Amino acid sequence: MKKILLPLLSLAFVFLSCENEPLEGFDLDATGNTTGGGSVGGEAVIIGEPGGESTGDYWPMAAGNKWTYDYSVDGVADEDAIMEISNQEDYLGFPSYLYSSFFQNSTSTDGSTTGDVELNSYSSKNGGDYHFSVASTNINVGGFIEITQSAYGFIMLKDYLNVGESWTNTYTITTTTEVLIEDLPEVPTTNLNVIYHSEIMEKDSTVEVNGTSYSPVIKVKATTTYQLAGTPDSSAEYFYYFAKDVGIIKYEGSVFDADDNITSNVLGELNDVILN
(Lines give C-alpha, C1' and ligand atoms only; values in the text may rest on other atoms or scores of the structure.)
Protein backbone atom coordinates (compact mmCIF):
# COMPACT_ATOMS: atom_id res chain seq x y z
CA MET A 1 0.00 0.00 0.00
CA LYS A 2 1.27 3.47 -0.88
CA LYS A 3 0.24 6.46 1.19
CA ILE A 4 0.87 9.96 -0.05
CA LEU A 5 1.81 12.34 2.72
CA LEU A 6 1.58 16.09 2.89
CA PRO A 7 3.45 17.92 5.59
CA LEU A 8 0.99 19.07 8.25
CA LEU A 9 -1.86 17.05 6.81
CA SER A 10 0.16 13.91 7.47
CA LEU A 11 -1.97 11.78 5.21
CA ALA A 12 -4.19 13.16 2.49
CA PHE A 13 -4.90 10.21 0.22
CA VAL A 14 -4.88 6.42 0.46
CA PHE A 15 -4.53 4.31 -2.66
CA LEU A 16 -5.06 0.57 -2.52
CA SER A 17 -2.56 -0.74 -5.02
CA CYS A 18 -1.63 -4.01 -3.36
CA GLU A 19 -4.33 -5.96 -5.18
CA ASN A 20 -4.46 -3.71 -8.23
CA GLU A 21 -0.95 -3.66 -9.63
CA PRO A 22 -1.99 -2.11 -13.00
CA LEU A 23 -2.75 1.10 -11.10
CA GLU A 24 0.78 1.37 -9.70
CA GLY A 25 3.02 4.04 -11.10
CA PHE A 26 0.40 6.55 -12.25
CA ASP A 27 1.73 10.09 -11.97
CA LEU A 28 -0.38 12.14 -9.59
CA ASP A 29 0.46 15.34 -11.44
CA ALA A 30 -3.15 15.15 -12.50
CA THR A 31 -6.17 17.28 -13.13
CA GLY A 32 -7.96 17.91 -9.87
CA ASN A 33 -10.56 20.15 -8.35
CA THR A 34 -12.13 20.60 -4.98
CA THR A 35 -15.55 21.60 -3.78
CA GLY A 36 -16.86 23.06 -0.58
CA GLY A 37 -19.22 21.32 1.76
CA GLY A 38 -18.85 17.62 2.34
CA SER A 39 -18.88 15.66 5.54
CA VAL A 40 -16.60 14.01 8.02
CA GLY A 41 -17.69 10.60 9.19
CA GLY A 42 -21.11 11.20 7.67
CA GLU A 43 -21.75 14.27 9.82
CA ALA A 44 -21.40 17.98 9.12
CA VAL A 45 -17.98 19.49 9.74
CA ILE A 46 -18.58 21.90 12.63
CA ILE A 47 -16.15 24.81 12.77
CA GLY A 48 -18.57 27.42 14.08
CA GLU A 49 -18.51 26.35 17.71
CA PRO A 50 -16.27 28.77 19.67
CA GLY A 51 -13.43 27.55 21.84
CA GLY A 52 -12.14 29.18 25.01
CA GLU A 53 -10.98 32.79 25.25
CA SER A 54 -7.97 33.36 23.01
CA THR A 55 -4.65 34.40 24.54
CA GLY A 56 -3.31 36.00 21.34
CA ASP A 57 -2.99 35.55 17.59
CA TYR A 58 -0.79 32.52 17.02
CA TRP A 59 -1.83 32.04 13.38
CA PRO A 60 -2.47 35.41 11.71
CA MET A 61 -5.06 35.00 8.97
CA ALA A 62 -5.44 37.60 6.21
CA ALA A 63 -5.46 37.54 2.42
CA GLY A 64 -1.90 37.71 1.11
CA ASN A 65 -0.23 36.26 4.19
CA LYS A 66 2.61 33.98 3.10
CA TRP A 67 5.00 31.72 5.01
CA THR A 68 8.01 30.12 3.30
CA TYR A 69 9.91 27.22 4.89
CA ASP A 70 13.19 25.44 4.35
CA TYR A 71 11.94 21.88 3.91
CA SER A 72 13.70 18.51 4.09
CA VAL A 73 12.72 14.84 4.05
CA ASP A 74 14.97 12.37 5.86
CA GLY A 75 17.66 15.02 6.06
CA VAL A 76 17.66 15.75 2.33
CA ALA A 77 16.77 19.31 1.34
CA ASP A 78 13.75 19.69 -0.93
CA GLU A 79 12.03 22.67 -2.53
CA ASP A 80 10.77 25.33 -0.14
CA ALA A 81 7.38 24.63 1.36
CA ILE A 82 4.95 27.53 1.01
CA MET A 83 1.77 28.36 2.89
CA GLU A 84 -0.12 31.29 1.36
CA ILE A 85 -3.63 32.66 1.91
CA SER A 86 -5.42 33.80 -1.24
CA ASN A 87 -8.66 35.21 0.14
CA GLN A 88 -11.38 35.01 2.75
CA GLU A 89 -14.61 33.16 2.01
CA ASP A 90 -17.30 31.20 3.80
CA TYR A 91 -16.61 27.49 4.18
CA LEU A 92 -19.42 25.39 5.64
CA GLY A 93 -21.14 28.61 6.68
CA PHE A 94 -18.22 30.05 8.67
CA PRO A 95 -15.78 32.81 7.62
CA SER A 96 -12.57 31.00 6.64
CA TYR A 97 -9.35 31.61 4.75
CA LEU A 98 -8.58 29.76 1.52
CA TYR A 99 -4.97 28.82 0.76
CA SER A 100 -3.55 29.07 -2.74
CA SER A 101 -0.65 26.98 -1.47
CA PHE A 102 -0.51 24.82 1.64
CA PHE A 103 2.79 23.00 1.93
CA GLN A 104 2.61 21.81 -1.67
CA ASN A 105 5.52 19.38 -1.42
CA SER A 106 4.31 15.80 -1.25
CA THR A 107 6.18 12.61 -0.41
CA SER A 108 5.07 8.99 -0.50
CA THR A 109 5.83 6.61 2.32
CA ASP A 110 7.60 4.23 -0.05
CA GLY A 111 10.20 6.94 -0.61
CA SER A 112 9.01 8.17 -4.01
CA THR A 113 7.76 11.67 -4.75
CA THR A 114 4.66 12.77 -6.61
CA GLY A 115 3.39 15.80 -8.42
CA ASP A 116 1.53 18.40 -6.43
CA VAL A 117 -1.93 17.39 -5.30
CA GLU A 118 -4.26 20.39 -5.39
CA LEU A 119 -6.48 20.66 -2.36
CA ASN A 120 -8.81 23.42 -1.22
CA SER A 121 -7.45 24.01 2.26
CA TYR A 122 -9.00 26.39 4.77
CA SER A 123 -8.13 27.74 8.18
CA SER A 124 -10.34 29.60 10.60
CA LYS A 125 -10.21 30.81 14.16
CA ASN A 126 -13.12 30.73 16.59
CA GLY A 127 -12.32 31.89 20.10
CA GLY A 128 -8.95 30.28 20.86
CA ASP A 129 -9.53 27.31 18.54
CA TYR A 130 -7.62 27.24 15.24
CA HIS A 131 -9.34 24.97 12.72
CA PHE A 132 -7.86 23.40 9.61
CA SER A 133 -10.19 21.96 6.95
CA VAL A 134 -9.86 20.29 3.55
CA ALA A 135 -12.80 20.36 1.16
CA SER A 136 -13.98 17.30 -0.72
CA THR A 137 -11.63 16.62 -3.62
CA ASN A 138 -11.88 15.10 -7.08
CA ILE A 139 -8.82 14.08 -9.11
CA ASN A 140 -8.69 12.67 -12.63
CA VAL A 141 -5.50 10.63 -13.03
CA GLY A 142 -4.42 10.65 -16.64
CA GLY A 143 -7.91 9.80 -17.88
CA PHE A 144 -7.57 6.30 -16.40
CA ILE A 145 -9.20 6.69 -12.99
CA GLU A 146 -11.11 9.35 -11.09
CA ILE A 147 -10.58 9.61 -7.35
CA THR A 148 -12.94 11.37 -4.95
CA GLN A 149 -12.05 12.07 -1.33
CA SER A 150 -14.47 13.34 1.31
CA ALA A 151 -13.96 16.53 3.29
CA TYR A 152 -12.38 16.52 6.71
CA GLY A 153 -11.18 18.91 9.39
CA PHE A 154 -9.59 19.13 12.83
CA ILE A 155 -8.34 21.63 15.42
CA MET A 156 -4.61 22.32 15.23
CA LEU A 157 -4.27 24.63 18.22
CA LYS A 158 -6.17 25.65 21.35
CA ASP A 159 -4.11 28.61 22.53
CA TYR A 160 -5.89 28.93 25.90
CA LEU A 161 -4.99 25.47 27.21
CA ASN A 162 -2.21 24.94 29.73
CA VAL A 163 0.89 22.78 29.33
CA GLY A 164 -0.12 19.12 29.60
CA GLU A 165 -3.72 19.67 28.50
CA SER A 166 -4.90 17.95 25.33
CA TRP A 167 -7.76 17.36 22.89
CA THR A 168 -8.70 14.69 20.37
CA ASN A 169 -10.45 14.88 16.99
CA THR A 170 -11.70 11.81 15.14
CA TYR A 171 -12.88 11.73 11.55
CA THR A 172 -13.24 9.43 8.56
CA ILE A 173 -11.84 10.07 5.09
CA THR A 174 -13.79 8.17 2.43
CA THR A 175 -12.01 7.62 -0.88
CA THR A 176 -13.88 6.32 -3.91
CA THR A 177 -12.22 5.42 -7.20
CA GLU A 178 -13.97 5.19 -10.56
CA VAL A 179 -12.07 3.21 -13.18
CA LEU A 180 -12.50 4.86 -16.59
CA ILE A 181 -10.84 2.13 -18.70
CA GLU A 182 -12.72 -1.14 -19.28
CA ASP A 183 -9.76 -3.49 -18.88
CA LEU A 184 -8.57 -2.08 -15.57
CA PRO A 185 -9.71 -3.77 -12.33
CA GLU A 186 -12.15 -2.05 -10.02
CA VAL A 187 -10.78 -0.33 -6.92
CA PRO A 188 -12.81 -0.68 -3.72
CA THR A 189 -14.01 2.30 -1.70
CA THR A 190 -11.89 2.88 1.40
CA ASN A 191 -12.80 4.42 4.74
CA LEU A 192 -9.79 5.71 6.62
CA ASN A 193 -10.51 6.32 10.29
CA VAL A 194 -8.26 8.99 11.76
CA ILE A 195 -7.61 9.74 15.43
CA TYR A 196 -5.86 13.11 15.84
CA HIS A 197 -4.62 13.73 19.40
CA SER A 198 -2.88 16.97 20.35
CA GLU A 199 -1.17 18.13 23.52
CA ILE A 200 0.31 21.46 24.62
CA MET A 201 4.00 20.76 25.34
CA GLU A 202 5.32 24.28 25.98
CA LYS A 203 3.97 27.81 26.35
CA ASP A 204 5.64 31.22 26.53
CA SER A 205 8.90 29.74 25.30
CA THR A 206 11.56 31.30 23.06
CA VAL A 207 12.53 29.41 19.90
CA GLU A 208 15.28 30.32 17.42
CA VAL A 209 14.69 29.43 13.77
CA ASN A 210 17.15 30.34 11.02
CA GLY A 211 18.83 32.91 13.24
CA THR A 212 15.64 34.64 14.37
CA SER A 213 14.30 34.34 17.92
CA TYR A 214 10.54 34.12 18.39
CA SER A 215 8.64 34.59 21.64
CA PRO A 216 6.18 33.69 23.02
CA VAL A 217 5.85 30.31 21.32
CA ILE A 218 3.36 27.48 21.89
CA LYS A 219 4.67 24.00 21.08
CA VAL A 220 2.06 21.39 20.17
CA LYS A 221 2.56 17.66 19.84
CA ALA A 222 0.13 16.02 17.40
CA THR A 223 -0.10 12.22 17.31
CA THR A 224 -2.23 10.70 14.58
CA THR A 225 -3.37 7.10 14.10
CA TYR A 226 -4.64 5.92 10.71
CA GLN A 227 -6.93 2.89 10.71
CA LEU A 228 -7.89 1.13 7.50
CA ALA A 229 -9.75 -2.19 7.57
CA GLY A 230 -7.58 -5.18 6.75
CA THR A 231 -4.28 -3.36 7.25
CA PRO A 232 -2.11 -2.61 10.28
CA ASP A 233 -2.41 0.89 11.75
CA SER A 234 -0.06 3.58 10.52
CA SER A 235 0.81 6.63 12.58
CA ALA A 236 2.37 10.08 12.59
CA GLU A 237 3.90 12.28 15.25
CA TYR A 238 4.48 15.96 14.61
CA PHE A 239 5.58 18.97 16.65
CA TYR A 240 4.30 22.40 15.63
CA TYR A 241 5.73 25.67 16.93
CA PHE A 242 3.27 28.59 16.86
CA ALA A 243 4.75 32.07 17.48
CA LYS A 244 2.46 34.88 18.58
CA ASP A 245 1.68 37.33 15.75
CA VAL A 246 3.73 35.22 13.30
CA GLY A 247 2.18 31.74 12.94
CA ILE A 248 3.89 28.39 12.44
CA ILE A 249 7.65 28.99 12.58
CA LYS A 250 8.69 25.33 12.58
CA TYR A 251 7.27 21.85 12.16
CA GLU A 252 9.02 18.52 12.52
CA GLY A 253 7.91 14.95 12.75
CA SER A 254 7.79 11.43 11.44
CA VAL A 255 5.24 9.23 9.68
CA PHE A 256 5.26 5.44 10.01
CA ASP A 257 3.69 3.35 7.23
CA ALA A 258 3.05 -0.06 8.79
CA ASP A 259 2.41 -1.75 5.43
CA ASP A 260 5.79 -0.87 3.98
CA ASN A 261 7.55 -0.63 7.37
CA ILE A 262 8.89 2.78 6.36
CA THR A 263 9.33 5.84 8.55
CA SER A 264 9.69 9.23 6.88
CA ASN A 265 11.03 12.26 8.78
CA VAL A 266 10.25 15.82 7.74
CA LEU A 267 11.43 19.23 8.91
CA GLY A 268 10.18 22.68 7.99
CA GLU A 269 11.76 25.90 9.27
CA LEU A 270 10.50 29.40 8.50
CA ASN A 271 12.82 31.44 6.30
CA ASP A 272 10.48 34.24 5.21
CA VAL A 273 7.07 35.59 6.17
CA ILE A 274 4.76 38.25 4.72
CA LEU A 275 1.88 39.37 6.94
CA ASN A 276 -0.86 41.86 6.08
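Here is what the cut-offs are and how they apply
Residues numbered from 1 in each chain as written. Predicted model: local features only at pLDDT ≥ 70, side-chain atom pairs only at ≥ 80, totals over all residues. Heavy atoms only, no water. Salt bridge = Lys/Arg side-chain N within 4 Å of Asp/Glu carboxyl O. Helix = DSSP H or I, 4+ residues; strand = E, 2+ residues; numbered from the N terminus. Buried < 20%, exposed > 50% of the residue type's maximum accessible area, 1.4 Å probe, protein only. Contact = heavy atoms within 4.5 Å. Polar contact = N/O pair within 3.5 Å; in protein donor to acceptor, adjacent residues only side chain to side chain.

### Focus: the pattern of salt bridges
One side chain can pair with another of opposite charge once the charged atoms of both are near each other. Applying the stated rule across the entire model yields two salt bridges. For the salt bridge of K158 with D129, the shortest nitrogen-to-oxygen distance reads 3.3 Å. Remark: D129 occurs in strand 10 (residues 129-134) and K158 occurs in strand 13 (residues 152-158); sequence separation between them is 29 residues. Residue K158 is classed as buried on the basis of its relative accessible area, which comes to 12%. Note that E237 and K221 form a salt bridge whose closest N and O atoms lie 3.6 Å from each other. Here E237, found in strand 17 (residues 234-243), pairs with K221, found in strand 16 (residues 212-227); they are 16 residues apart in sequence, far enough to count as distant. Looking at K221, the relative accessible area reads 24%, which means it is partly exposed.

### Points about the environment of E202
Following the sequence through the fold, E202 ends up in strand 15 (residues 190-209). C-alpha of E202 to C-alpha of N162: the two residues are 40 residues apart in sequence and 8.4 Å apart in space. Each residue touching E202, except ones within four places of it in the same chain, is listed here: V163, V217, I218 and K219. Within the local environment of E202, its side chain forms a polar contact with the side chain of S205, the two groups lying 3.4 Å apart.

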